[in-house]
Number of protein chains: 2
Amino acid sequence: MPKVAIVGYGQTKFSKDDSKIESVLLRATKNLFDSTSNLDQKDIDAVLVSTNNNSKYLAPILSEMTGIQPKIAHSIESLCNSGTNSIVSAYSYITSGLAELVLISGAERFDSPGQILEWDNLRGEFKHPIFWASIFSKAYKRKFAITDEDLALVPVKNHKQSINNPNALSQKLVSIEDVLNSKKITDDLRILDCSRPCTGGASILLASENICKKFTDIPIWVTGIGQKTTSASFTKNITFDIMESTRQASLTAFQMSKHNPGNIDVMEVHDAFSVCEPMALDSIGFTKPGKGMDMVKEAYFTENSKINPRGGIIGSGHPLGATGIAQTIEITQQLQSKAGKRQVDSANIGLIHNMSAAATSSTVLVLEK
Amino acid sequence: MPKVAIVGYGQTKFSKDDSKIESVLLRATKNLFDSTSNLDQKDIDAVLVSTNNNSKYLAPILSEMTGIQPKIAHSIESLCNSGTNSIVSAYSYITSGLAELVLISGAERFDSPGQILEWDNLRGEFKHPIFWASIFSKAYKRKFAITDEDLALVPVKNHKQSINNPNALSQKLVSIEDVLNSKKITDDLRILDCSRPCTGGASILLASENICKKFTDIPIWVTGIGQKTTSASFTKNITFDIMESTRQASLTAFQMSKHNPGNIDVMEVHDAFSVCEPMALDSIGFTKPGKGMDMVKEAYFTENSKINPRGGIIGSGHPLGATGIAQTIEITQQLQSKAGKRQVDSANIGLIHNMSAAATSSTVLVLEK
């Protein structure tokens, strides 16, 4: 089976603008075409759109707008990890031989219908993500003696890192005090602990090893893939202080890539809320349970931006269908030593963690130079 | 790479009922579990949902309702050919080695938002499918000297065939006169020329050859796959009397399967409107351009139900996300000699043709015993 590489990418700025979803897809894809060598529409075998938007037939629409006549064209949705689901699907189309070159475009508007899960409402559960994030925060703080001050370091770090990311929604520093004094949403959650919905797009190009050198001198290989869905509703989780789907997806991704957490030089983890970053670090296996905050602190105080260098989701903003793709672009740029002011030293192996709905499902990817 | 087989299936009756989408998915999947030997939830690596419904996260929701904890779980949408897009995606997950057993469930409600393409409206095009179907009918009739009476035979045949399909929406015969006297929608289209939206679900199980014998004695192999998207808007088509995406997808599917139209014993073709059936037969290559009606007539007058044995879309009803899967189930049952009263003689090789939006995209599958 051919190996699969990331060979191109393009993004829009993440913002609160009111563009139509088709325009966001188009802008991200135009940026990809503008920055990728030798890319001819005729070479693209598949176009996948990652979104929670209710518009239909977006993959053929994007194809028509960009002059592509692909074999395969469809949308993929799985809430906040639609983006990495699309990347795994593209990987499978290429390794199966059905495609050699796959364009994925993820986009969302600030008013995405994916922010609230109606099914939870039907079952009488609280439907807004703030409720599960609040329960996670309470459980994690209680079990591991973590304080609100500890958790506040996550947005402080990620807003700081996003200042070096021109596509990020946030372009200003926040302090521990800013976080602690920001509007209280629940007992355990303040507004600055939360990522923000926004409008944004991210497009990425995956190629078979047979053709990848046509498009880039530095292909970045997808060497590890892990995915797991444990449930659709967070009250079916047995524990609220570890992300079980993330734990299982990580084991699979490390096994496939023949790496372990100690080999990872740079990572984007799914910090939808402050508590998610240390929990993800624990669940992936970077740290023992409850020790994720120590890793966050060490990175922050040594000015090492290897955890969420683009500012993560809290700093960059969270256009759901684009998020997993933007995370993957960041790690690709890091491994290519093209991350500018955000560049992490000696970045050879990277990891992406993207999850949905209280970590009821997770994707973990390992990328290598 | 492992070969891929269809090893199980289940369906709901297609009806006008008001069930929630989750219930339709669940019923079709329960029928699959009830009729498949040795199927254990733990063996299922991926759950794909095919739908145009606006509800999110349906693949994890269906997984939770049925006790599955898959690795891969997401929805796939591409209007009317979402179902076969999902089957091709499942095929690629299996051949890539990321999955060995994939459950797909397609479902739609009668009030599907996929029936009208808002994008057409934005661009000032007529947005209802009746408009492209009317243009196709006028073009096909004019170019090939086909009459309204000729085309009326399609619904006559397909309603007749659906009487032997207990899951079909239509359970009554219509005559040529009934079709010609039915309400005129446009100059070239009467109400009985049209398929009808409805509520329905269809689930199918695909397996790697390594494990397929666990679930069935008669695995049906997916040996040919062709897909093509030419545009998203029918006014970008160059011709209105042939389905160009279908023609190209068919060539690919025949090349992959090493068969030609003459080898196909039974077929489901996408008869969304009367004219689509002869046009599809022409475009797939069963007949020379304009001769599709001759093949329909011959089948009808010799009482051979090899074209759309389940009643096609006109007879069965058209729950968009379920349609491509229901077509594939029909051909599977035919090749397994399990189609009951609908059974076609000597059915060893079958074909599915599923398309979207004025045939701007098409999928063609070849199945073999």
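Residues numbered from 1 in each chain as written. Chains lettered and ligands numbered in written order. Predicted model: local features only at pLDDT ≥ 70, side-chain atom pairs only at ≥ 80, totals over all residues. Heavy atoms only, no water.

What follows concerns the interface of chain A and chain B. Tallying the contact residues gives 52 residues for chain A and 52 residues for chain B. Across the interface of chain A and chain B, roughly 4,400 Å² is buried in total on both sides, 58% from carbon and sulfur atoms. When the buried surface of chain A facing chain B is broken down by residue, A:Lys56, A:Tyr57 and A:Glu64 rank first, second and third, together holding 19% of it. Here chain A and chain B share zero salt bridges between them. Sorting the residues of the side of chain A that touches chain B by element identifies α2 (58–66), β3 (72–77), α3 (82–95), α4 (118–122) and β8 (220–229) of chain A as the ones contributing at least two each. Top element by residues in the side of chain A that touches chain B is α3(A). It accounts for seven residues. A breakdown of the residues in the side of chain A that touches chain B according to their chemical character gives 21 nonpolar, 22 polar and nine charged. (Contact = heavy atoms within 4.5 Å. Buried area = accessible area lost by both parts, 1.4 Å probe. Salt bridge = Lys/Arg side-chain N within 4 Å of Asp/Glu carboxyl O. Helix = DSSP H or I, 4+ residues; strand = E, 2+ residues; numbered from the N terminus. Nonpolar A, V, L, I, M, F, W, Y, C, P; charged D, E, K, R; others polar.)

This paragraph deals with the confidence of the model for chain A. Detailed conclusions should not be drawn from predicted coordinates in areas where pLDDT is low. Taken as a whole, chain A shows an average pLDDT of 96; of its residues, 99% reach a score of 70 or greater. Scored by ipTM, the complex comes to 0.97, with pTM at 0.98. (pLDDT = per-residue confidence, 0-100.)

Before going further, it helps to examine the nonpolar core. Counting residues in each nonpolar core, the largest one holds 76 residues, and the members touching the most others are A:Ile104, A:Ile204, A:Leu206, B:Val102, B:Ile104, B:Ile204 and B:Leu206. Not counting residues up to four positions away in its chain, the partners in contact with B:Ile204 are B:Ile6, B:Gly8, B:Tyr9, B:Leu32, B:Ile87, B:Val102, B:Leu103, B:Ile104, B:Ile325, B:Thr328 and B:Ile329. (Core = buried A, V, L, I, M, F, W, Y, C linked by side-chain atoms within 4.5 Å. Buried < 20%, exposed > 50% of the residue type's maximum accessible area, 1.4 Å probe, protein only.)

This paragraph deals with the pairing of strand β8 (residues 220–229) of chain B. Residues and elements named next belong to chain B. In terms of residue burial, β8 counts as a mostly covered element, since nine of its ten residues are buried. One ladder, built from two bridges, connects strand β1 (residues 4–11) with β8; its direction is antiparallel. Looking across to β8, one finds that Ile-6 is bridged to Ile-220. Here β8 pairs with strand β11 (residues 361–368) via eight bridges, running antiparallel. Residue pairing for β11: Gly-226 is matched across the bridge by Val-364. (Pairing = 2+ DSSP bridges.)

This part is about the packing of aromatic side chains. For the structure shown, the criterion picks out ten aromatic pairs over all chains. When the ring of B:Phe136 is compared with that of B:Phe240, the centres are 6.4 Å apart and the planes differ by 40°; the resulting orientation is tilted. Note that B:Phe136 is positioned in helix α5 (residues 129–144) and B:Phe240 in the loop between β8 and α8 (244–257), a separation of 104 residues in sequence. Accessibility expressed as a relative area gives 1% for B:Phe136, which makes it buried. With centroids separated by 5.0 Å and ring planes inclined at 80°, the aromatic side chains of B:Tyr300 and B:Phe301 adopt a geometry described as edge-to-face. Overall, B:Phe301 belongs to the exposed group, its relative accessible area being 61%. Ring pairing ties together the aromatic residues A:Trp132, A:Phe136, A:Phe240 and A:Phe273, which thus form one cluster. Over the ring of A:Trp221 we find A:Lys3; its NZ or CZ atom is 4.3 Å from the centre of that ring. (Phe/Tyr/Trp six-rings, centres within 6.5 Å; stacked < 30°, edge-to-face > 60°. Lys NZ or Arg CZ within 6 Å of the ring centre and 35° of its normal.)

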